[in-house]
Amino acid sequence: MKRYKRILRYDWPMHFALILTNWLPDNVVFLRLRGFLISPFFKSCGRNLRVGRNNIFYDSFEMELGKDIYIAQGNWFNGSGGISIGDEVIFGPRSLIVTSNHTKKDGSFRYGPSILKPIRIDRGCWIGGNCSILAGVHIEHGSIIAANAVVHKNVKKNSLYAGNPAVFKKTI
């Protein structure tokens, strides 16, 4: 029964609001409108959420968002394991934020149980376009993840990480 309540309380209304607004252009007015409409469907959400078109939020009831967050178009968030995003975080387009990993069962990854690990992104971070942030990662405040990076380990504060896998490049 809890599952159905979650679907009716969080999933369907959020997806409905996103579908209704995806045809609108990505300018300040509609970014704010989209953010305002979906903000009640997170575990918690600060003010001034700006959301671009074609974003997907899976299990948004496990996501905590700070204030002044900008999410560009086409990102995919899997909140099953819990996602915490601090204030003033920027997401470039088409990134993946994934809190789960598959395991193998009877020789197949399809039906193996998922391993859930939370992701935490602290205040003032910038996640470049086409990045993958994998389960269990903590990105400390003021860090930049360069475009196309795959982050599978924790990121130190005020650092630039780039590459696949993402490695430390310099302190900023």
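Just above, that's the structure.
First, a word on scope: everything that follows refers to the structure included in this document. (Residues numbered from 1 in each chain as written. Predicted model: local features only at pLDDT ≥ 70, side-chain atom pairs only at ≥ 80, totals over all residues. Heavy atoms only, no water.)

## Looking at the pattern of salt bridges
Per the counting criterion, the structure on display carries five salt bridges. Between aspartate 68 and arginine 47 there is a salt bridge; the shortest N-O distance is 3.3 Å. Pair noted here: aspartate 68 is in the loop between β4 (63-65) and β5 (70-71) and arginine 47 is in the loop between β1 (44-45) and β2 (50-51), with a separation of 21 residues, a long-range link. Across the salt bridge formed by arginine 123 and glutamate 88, the nearest N and O atoms sit 3.2 Å from each other. Of this pair, arginine 123 sits in the loop between β12 (119-121) and β13 (126-127) while glutamate 88 is found in the loop between β7 (83-85) and β8 (90-91), placing the two residues 35 residues apart along the sequence. Of the residues examined, arginine 123 reaches a relative accessible area of 49% and is grouped as partly exposed. Classification of glutamate 88 by relative accessible area gives partly exposed; the value is 35%. (Salt bridge = Lys/Arg side-chain N within 4 Å of Asp/Glu carboxyl O. Helix = DSSP H or I, 4+ residues; strand = E, 2+ residues; numbered from the N terminus. Buried < 20%, exposed > 50% of the residue type's maximum accessible area, 1.4 Å probe, protein only.)

## Focus on the state of the cysteines
Under the defined criterion, the tally for this structure stands at zero disulfides. The structure places no disulfide on cysteine 125, whose sulfur is separated from the nearest cysteine sulfur, that of cysteine 131, by 12 Å. A relative accessible area of 1% places cysteine 125 in the buried class. (Disulfide = S-S within 2.5 Å.)

## Some remarks on the nonpolar core
Core analysis: the biggest nonpolar cluster contains 35 residues, and Ile38, Phe57, Phe77, Phe91, Ile133, Ile139 and Ile145 have the highest contact counts within it. Taken together, the elements giving at least two residues each to this core come down to α1 (2-21), β4, β7 and β12. For this core, the element with the highest residue contribution is α1, accounting for four residues. Apart from the residues lying within four places of it in its own chain, the contact partners of phenylalanine 91 are Tyr70, Ile71, Ala72, Asn75, Phe77, Ile85, Ile97, Ile121 and Ile127. (Core = buried A, V, L, I, M, F, W, Y, C linked by side-chain atoms within 4.5 Å. Contact = heavy atoms within 4.5 Å.)

## Some thoughts on the sheet that holds strand β18 (residues 159-162)
In space, the seven strands of this open sheet follow the order β2-β5-β8-β13-β16-β18-β19, with mixed pairing throughout. In this open sheet, the two strands that pair with only one neighbour each are β2 and β19 (167-171). Pairing geometry for β2 and β5, over two bridges, is parallel. Note on β5: the bridge partner recorded for arginine 50 is tyrosine 70. (Pairing = 2+ DSSP bridges.)

## What to know about the pairing of β18
Pairing geometry for strand β16 (residues 144-145) and β18, over two bridges, is parallel. From the neighbouring strand, isoleucine 144 faces β18, where its bridge partner is leucine 160. Across four bridges, β18 lies against β19 in antiparallel orientation. In the strand pairing of β19, tyrosine 161 is matched with phenylalanine 168. With antiparallel pairing between neighbouring strands as the criterion, β18 and β19 make up a hairpin whose turn holds four residues, including glycine 163 at a positive phi of roughly 105 degrees.

## Details of the sheet that holds strand β15 (residues 138-139)
Taken in spatial order, the five strands make up an open sheet running β1-β4-β7-β12-β15, and their pairing is parallel. Pairing within the sheet leaves two strands with one partner each, and these edge strands are β1 and β15. Relative to β7, β4 runs parallel, the two being bridged by three bridges. Within the sheet, the bridge partner assigned to methionine 63 lies in β7 and is isoleucine 83.

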